[in-house]
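Each chain, letter by letter, is given below.
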Amino acid sequence: MRLEVVPGARFGEVCADEFLGAMAIDKSPFFGLPTGSTPQPMYAELRYRAEFGRANIERVYAVAIDEYAGPRDHAGSNHAYFREHWMTIPGARPVFEFDTRALDYDIEAARMEDLVHTLKGLSAAFLGIGLNGHLAFNEPGTARHALSRVVELSPESRGAAAAVWGERTPWLGLTLGLGVLLQAKRVYLLASGPHKAHIINRALTGEISADCPASFVQDHHDSVVILDEEAASELPRSLVAAKGDAATTHG
Ligand code: PGA
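The following refers to the structure shown. Everything numeric here is computed off the predicted structure, so don't read it as measured data.

Remarks on the overall build of the chain
Thought 1: A count of helical and extended segments in the chain gives eight helices and 10 strands.
Thought 2: Overall, the chain is about 50 × 45 × 35 Å in size when its C-alpha atoms are taken along their principal axes.
Thought 3: Sequence separation of 24 or more characterises 78% of the internal contacts of the chain that already satisfy a separation of 6 or more.
Thought 4: Total accessible area on the chain stands at roughly 11,000 Å², and carbon and sulfur atoms take up 53% of it.
Thought 5: The average position of the 23 basic charges and that of the 32 acidic charges among the side chains of the chain differ by 5 Å.

Some details on the pattern of salt bridges
When their charged atoms lie close together, side chains carrying opposite charge are able to pair.
Thought 1: Scanning the entire structure with this criterion turns up 13 salt bridges.
Thought 2: A salt bridge links E97 to R72, with the nearest nitrogen and oxygen atoms 3.6 Å apart. A residue pair is termed long-range when its members are at least 10 positions apart, and E97 in the loop between α3 (78-85) and α4 (105-118) and R72 in the loop between β4 (66-68) and α3 qualify at 25 residues. An identical accessibility class is assigned to E97 and R72; each is buried.
Thought 3: Between R186 and D222 there is a salt bridge, with its nearest N and O atoms 2.9 Å apart. Of this pair, R186 sits in strand β8 (residues 186-191) while D222 sits in the loop between α7 (197-205) and β9 (223-228), placing them 36 residues apart in sequence.
Thought 4: For R186, a relative accessible area of 18% translates into the label buried.
Thought 5: Residue classification places D222 among the partly exposed positions, given a relative accessible area of 26%.

Side note on unusual backbone geometry
Thought 1: One non-glycine residue, K120, lies in the positive phi region at around 65°.
Thought 2: We classify K120 as exposed; its relative accessible area is 73%.
Thought 3: If you check the backbone angles, A136 has positive phi at about 50° while not being a glycine.
Thought 4: Within the fold, A136 resides in the loop between β5 (124-127) and β6 (149-152).
Thought 5: Given the relative accessible area of 7%, A136 is considered buried.

Some details on the packing of helix α1 (residues 11-22) against helix α2 (residues 40-51)
Thought 1: Across the interface, α1 lies against α2 with an axial gap of 8 Å and an inter-helix angle of 70°. By the angle class used here, α1 and α2 are roughly perpendicular. Viewed along their axes, α1 and α2 form a crossing whose handedness is right-handed. Between α1 and α2, the contacting residues are F11, G12, E13, C15, A16, D17, F19 and L20 on the first element and P41, M42, E45, L46 and R49 on the second.
Thought 2: Class assignment for the residues of the contact of α1 with α2 results in eight nonpolar, one polar and four charged.

Some details on α1
Thought 1: For α1, which comprises 12 residues, the first-to-last C-alpha distance of 16 Å matches the rise-based estimate of 16 Å (1.5 Å per residue) to within 8%.
Thought 2: By the burial criterion, the buried members of α1 are F11, G12, V14, C15, A16, E18, F19 and A22.
Thought 3: Its buried side turned inward, α1 meets β1 (2-6), β2 (30-33), α2, β5, β8 and β9.

Rules of the game
- Sequence order sets the numbering: in each chain, residues are counted from 1 along the sequence as written.
- Side-chain atom pairs in this predicted model are given and counted only at pLDDT of 80 or more, local residue features only at pLDDT of at least 70, and totals for whole chains, interfaces and linings cover all residues.
- To obtain the side-chain values, all non-hydrogen atoms of the structure were used and water was disregarded.
- Secondary structure elements are defined from DSSP: runs of H or I of at least 4 residues count as helices, runs of E of at least 2 residues count as strands, and each element is numbered from the N terminus.
- Here, two residues are considered to be in contact whenever any of their heavy atoms come within 4.5 Å of each other.
- Using the Shrake-Rupley algorithm and a 1.4 Å probe, accessible areas are obtained, with residue cover drawn only from the displayed protein chains.
- Positive charges are assigned to Lys and Arg, negative charges to Asp and Glu, while His and the chain termini are left out of the count.
- Positions of charges follow a simple convention, taking NZ of Lys, CZ of Arg, CG of Asp or CD of Glu.
- What counts as a salt bridge is simple: a side-chain nitrogen of Lys or Arg found within 4 Å of a carboxyl oxygen of Asp or Glu.
- Each residue gets one of three labels from its accessible area relative to the maximum for its type: buried under 20%, exposed over 50%, partly exposed in between, using a 1.4 Å probe on protein chains only.
- Interaxial angle, 0 to 180 degrees, is taken between N-to-C directions of lines fitted to C-alpha atoms, where a helix line uses only the stretch in contact.
- Every angle not falling under 35 degrees, over 145, or within 65 to 115 is termed oblique; those three ranges are roughly parallel, roughly antiparallel and roughly perpendicular.
- Each crossing gets its handedness from the near helix: less than a right angle anticlockwise from the far helix is left-handed, clockwise is right-handed.
- Ten residues, namely Ala, Val, Leu, Ile, Met, Phe, Trp, Tyr, Cys and Pro, are considered nonpolar, four, namely Asp, Glu, Lys and Arg, are considered charged, and the remaining ones, Gly among them, are considered polar.
- A helix's residues, less one, multiplied by 1.5 Å, set its expected span.

Keep in mind these values describe shape, not function.
Here it is as structure tokens:
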């Protein structure tokens, strides 16, 4: 596990550098991409660089790692999020995504699982972390090899979604399984803000267990954790200060 701790103002830049660096993993890089507030500075930085001809993401194939089981045109859907934050980056290809217009969500989830395998798995999975340690909508209790599927959203996930969905907050979600996410050649875990400090400490230093799906990142063969200083604030100093391969801090 490589740990990068960066000042908040540099979070987007460092994530964008990693994104562009991860394009070297495969000739046709295939990335799992997250929604939420955490990756917004990364997408904004990629957009800025692409607009000025300083980054080219045309080679990237991307899949949305999850979706709410609700109307896709609602402002709270991940479909709407990708339209706003991803498709506005010059050169971005449309993301593969769960289509909530599907008649049968089980079949739709299986279609997405197959799609990832057909494209020979993810080159990199970019993941945020929920306050309960979820990865995409793989909530606590999810087995490490879980398939892509329909899930009941946790109270924490519904609480976060309610800010945009209000009374129409979906009860279900569609998610890529931990299996395909953790089989990515490289896994990135991104977190920012003081509210993530506690769960980050638990995920990175606690027991590796389904109780905290993000803890599985600890023993992925190529995982990179990018934190701003606030999200890293509860980590043991020894972990953050270590230099070399294990951890780097950016001043
Ligand atoms: P956030 O969501 O980036 O909005 O904090 C992360 C997550 O729930 O995975």
